Amino acid sequence: MDVDALYQEIILDHYKNPHGAGLREPHEAEVHHVNPTCGDEITLRVHLDGDTVADVSYDAEGCSISQASASVLYDLLVGKSVPQGLAVLDAFSEVMHGRGQVEPDEEVLEDGIAFAGVAQFPARVKCALLSWMAWKDAVSQAVSDPKEQ
Amino acid sequence: MTRTQGYDVEAIRKDFPVLARSVAGGHPLVYLDSANTSQKPRQVVEAIERHYLEHNANVARAMHQLGAEATAAFEGGRDKIAQFIGAPSRDEVIFTKNASEALNLVARVLGDVGTVGPGDEIVISQMEHHSNIVPWQLLAERTGATLRWFGVTDEGRLDLDDLDTLVNERTKIVSLTWVSNMLGTINPLDVVIARAHQVGALVAVDASQAVPQIPVDVASLGADFVAFTGHKMVGPTGIGVLWGRYDLLASLPPFLGGGEMIETVTMERSTFAAPPHRFEAGTPPIAQAAGLGAAVDYLTALGMENVAAHEQAITAHALERLQEIDGLTIVGPREPVDRGGAISFALDGVHPHDVAQLLDSRGVAVRAGHHCAKPAHRRFGVQSTTRASFYLYTTEAEIDALVEAIRHTQRYFKVS
């Protein structure tokens, strides 16, 4: 398989200069997710302002795919409403599980379309989804958290 | 060409058809993941095929000719293993499904017989595979015993400085790896076994990486239990081995209950077969035992001294070549002394998964991740590493292909 399909320039750029990295206050939920097969880890915080995703901050250790994915997630989800964010997550998941057969929508996924190639490498799909699954978990905790108004 | 005294590496590679194949992109396969699982020679695969096509029956209980033939193949596998590892008796060889099950068996039955309790200590090390950590954690939790461990030196050796305090009169079990699957270190078991027995502790050895690559004689080793697996020694998956001292095995209760492990059964109670069958409930891995017997024949024909010498030579070459690469750090001993054929390394600026992916794109198969040894990785401040591991069929040309593929990876990620 062609590794260039996997390592798009966009992915390598995000890997070298991740957007939104680091843990920040305030936050309503913090989660820690790991990929048990390879040991990649992410601690991710979500700050909601009403229904808006006001911030996503994270501390991640892992491969270029998982790191770049967290960076793209930050770009895509901050500023969106929770339902909009969940819709983006669904679109991203669909591409990731599409085995390379699902055409990504650039309107929705922006830089995330660079991950379409990852779907051809089944062993790496979990890398790309690590931060997204962490975000989903954190958001569901934040919206059910009584501290959240 | 790879020169090894004793056997011709190029010639024996023909016994392993998979080594001649190419992978995506037309690259010839360079298989450097043998510590994960070894490739299988035709002789082993044919023994399994022959068993299924010509002799298949269940063992021990079938009173027909095929049953006798299947039993002979299964028990013949046990005889071959017993001889291969220098077991004083064939009845000391228990077949399990893998080394993990063998270690779990020991931990479970020692717990059931009350070997440890509150105030007692179990000693392992920081360089263990998870399968020699988790069963002991579970045993400690179940019994109230305390789990302690040997540290690892900066060089990647077992830290024996506090041997006499770590292994003390409270120690009831010591369980150690012989050859580290991550660091490659070969541990000085004799020193630890002597101390353990001095304080009356039992010793279990995880020999999963040792039996495939060095001559093993359990009688002279002096441990109480030795666990290993078939698939890393050119044998099939689905079969592992627990060797134990007979008098000890005879004093221990069963592990799993079921067919073949009983003496007699009434509705109220059962009595149990003698070892090894006491610990082999249900239909055992029959075809796998036949295959493992063929694996032993294969290794014996090569000569384990020759296999060990080749492993040593190829590892020395790899250590030298890998250390030529700027930005590559070997995690584990860097000298080919008391060292097995697994080399884990970090590459500056490129995550191990990405290294493995790029190497794979050049046909070079390695493992990336924590190699089921997270504590050992943590000891060296790394989350994961890339590991290249070698075996009796590995050539110097393959090591050179690895080195070239690593340089390609560095160029690809613009870190060189």
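This one's a predicted model, so the numbers in the text were calculated from it and none came from an experiment.

Draft legend 1. Quick look at the overall build of chain A. Assigned secondary structure in chain A consists of six helices and three strands. Reading chain A from its N terminus to its C terminus gives the helix and strand order α-α-β-β-β-α-α-α-α. Here chain A has a C-alpha radius of gyration of 14 Å; the compact-globule value for 149 residues is 15 Å, and the two agree. Seen through its C-alpha atoms, chain A measures out along the principal axes to roughly 50 × 30 × 25 Å. Put simply, chain A has 149 residues, and 52% of those count as buried. A separation of at least 24 residues holds for 61% of the contacts in chain A among residues at least 6 apart in sequence.

Draft legend 2. Focus on empty space enclosed by the protein. Residues and elements named next belong to chain B. This model, assessed by the stated rule, comprises one cavity of 30 Å³ or more. The space that makes up the largest cavity amounts to roughly 100 Å³. When residues of the lining of the largest cavity are sorted by domain, at least three fall in each of domain 1 (3-31 + 303-412) and domain 2 (45-300).

Draft legend 3. Structural view of the nonpolar core. One finds B:Ile81, B:Trp178, B:Met233 and B:Leu392 to be the most contacted residues of the largest nonpolar core, which totals 78 residues. Summarising the domain contributions, this core has at least three residues from each of domain 1 (3-31 + 303-412) and domain 2 (45-300) of chain B. Those residues within four positions of B:Trp178 in sequence are excluded, and the remaining contacts are B:Thr185, B:Ile186, B:Asn187, B:Leu189, B:Val205, B:Asp206, B:Ala207, B:Ala210, B:Ile214, B:Val216 and B:Leu221. Counting residues in each nonpolar core, the second largest holds 74 residues, with A:Tyr7, A:Ala29, A:Cys127 and B:Phe345 among its members.

Draft legend 4. Quick peek at the layout of surface pockets. If you add up the space inside the largest pocket, you get close to 730 Å³. Along the walls of the largest pocket sit 31 residues, with A:Ala123, A:Arg124, B:Ala356, B:Gln357 and B:Asp360 positioned nearest its centre. Of all the secondary-structure elements, those providing two or more residues to the lining of the largest pocket are α6 (122-144) of chain A together with α12 (352-361), β15 (364-365) and β16 (367-369) of chain B. Looking at the lining of the largest pocket, its residues break down into 15 nonpolar, 10 polar and six charged. A volume near 280 Å³ is recorded for the second largest pocket. Forming the boundary of the second largest pocket are 17 residues, of which B:Ala47, B:Arg50, B:Lys80, B:Ala290 and B:Ala294 lie nearest the centre. Residue classes in the lining of the second largest pocket are distributed as seven nonpolar, six polar and four charged.

Draft legend 5. The arrangement of the pairing of strand β4 (residues 93-96) of chain B in detail. All names here are of chain B. The alternating pattern of β4 places Val93 and Phe95 on one face and Ile94 and Thr96 on the opposite face, and all of these are buried. One ladder, built from four bridges, connects β4 with strand β10 (residues 240-244); its direction is antiparallel. Note that in β10 the partner of valine 93 across the bridge is tryptophan 243.

Draft legend 6. Expanded view of the pattern of salt bridges. By the definition in use, this model includes 26 salt bridges over all chains. Taking the shortest distance from any N to any O, the salt bridge between A:Arg124 and B:Asp354 comes out at 2.9 Å. Placement of the pair is A:Arg124 in helix α6 and B:Asp354 in helix α12, with the two residues belonging to separate chains. Considered together, A:Arg124 and B:Asp354 belong to a single accessibility category, that of buried residues. For the salt bridge of B:Arg13 with B:Glu398, the shortest nitrogen-to-oxygen distance reads 3.1 Å.

Draft legend 7. Seen up close, the packing of helix α2 (residues 42-55) of chain B against helix α3 (residues 65-84) of chain B. Residue and element names in this part refer to chain B. Following both chains from N to C, one finds α2 and α3 inclined at 165 degrees, their axes separated by 10 Å at the closest point. As summarised for this structure, α2 and α3 are arranged roughly antiparallel, according to the angle between their axes. Helix-helix and strand crossings are classified by hand; for α2 and α3 the assignment is left-handed. In this structure, α2 uses His51, Glu54 and His55 to contact α3, whose residues at the interface are Leu66, Glu69, Ala70 and Ala73. When grouped by side-chain class, the residues that make up the contact of α2 with α3 number three nonpolar, two polar and two charged.

Criteria and thresholds
- Residues numbered from 1 in each chain as written.
- Chains lettered and ligands numbered in written order.
- Predicted model: local features only at pLDDT ≥ 70, side-chain atom pairs only at ≥ 80, totals over all residues.
- Heavy atoms only, no water.
- Helix = DSSP H or I, 4+ residues; strand = E, 2+ residues; numbered from the N terminus.
- Rg over C-alpha atoms; globule rule 2.2 N^0.38 Å.
- Buried < 20%, exposed > 50% of the residue type's maximum accessible area, 1.4 Å probe, protein only.
- Contact = heavy atoms within 4.5 Å.
- 1 Å grid on protein atoms, 1.4 Å probe; cavity = no way out; pocket = protein on both sides within 12 Å on 5 of 7 lines; lining within 4 Å.
- Points joined across faces, edges and corners; volume = space filled by probe spheres on them.
- Domains from an automatic or database assignment.
- Core = buried A, V, L, I, M, F, W, Y, C linked by side-chain atoms within 4.5 Å.
- Nonpolar A, V, L, I, M, F, W, Y, C, P; charged D, E, K, R; others polar.
- Pairing = 2+ DSSP bridges.
- Salt bridge = Lys/Arg side-chain N within 4 Å of Asp/Glu carboxyl O.
- Axes fitted to C-alpha atoms, helices over the stretch in contact; angles between N-to-C directions.
- Parallel < 35°, antiparallel > 145°, perpendicular 65-115°, else oblique.
- Left-handed = near helix turned anticlockwise from the far one by under 90°.

Any functional reading would require information that these geometric values do not contain.
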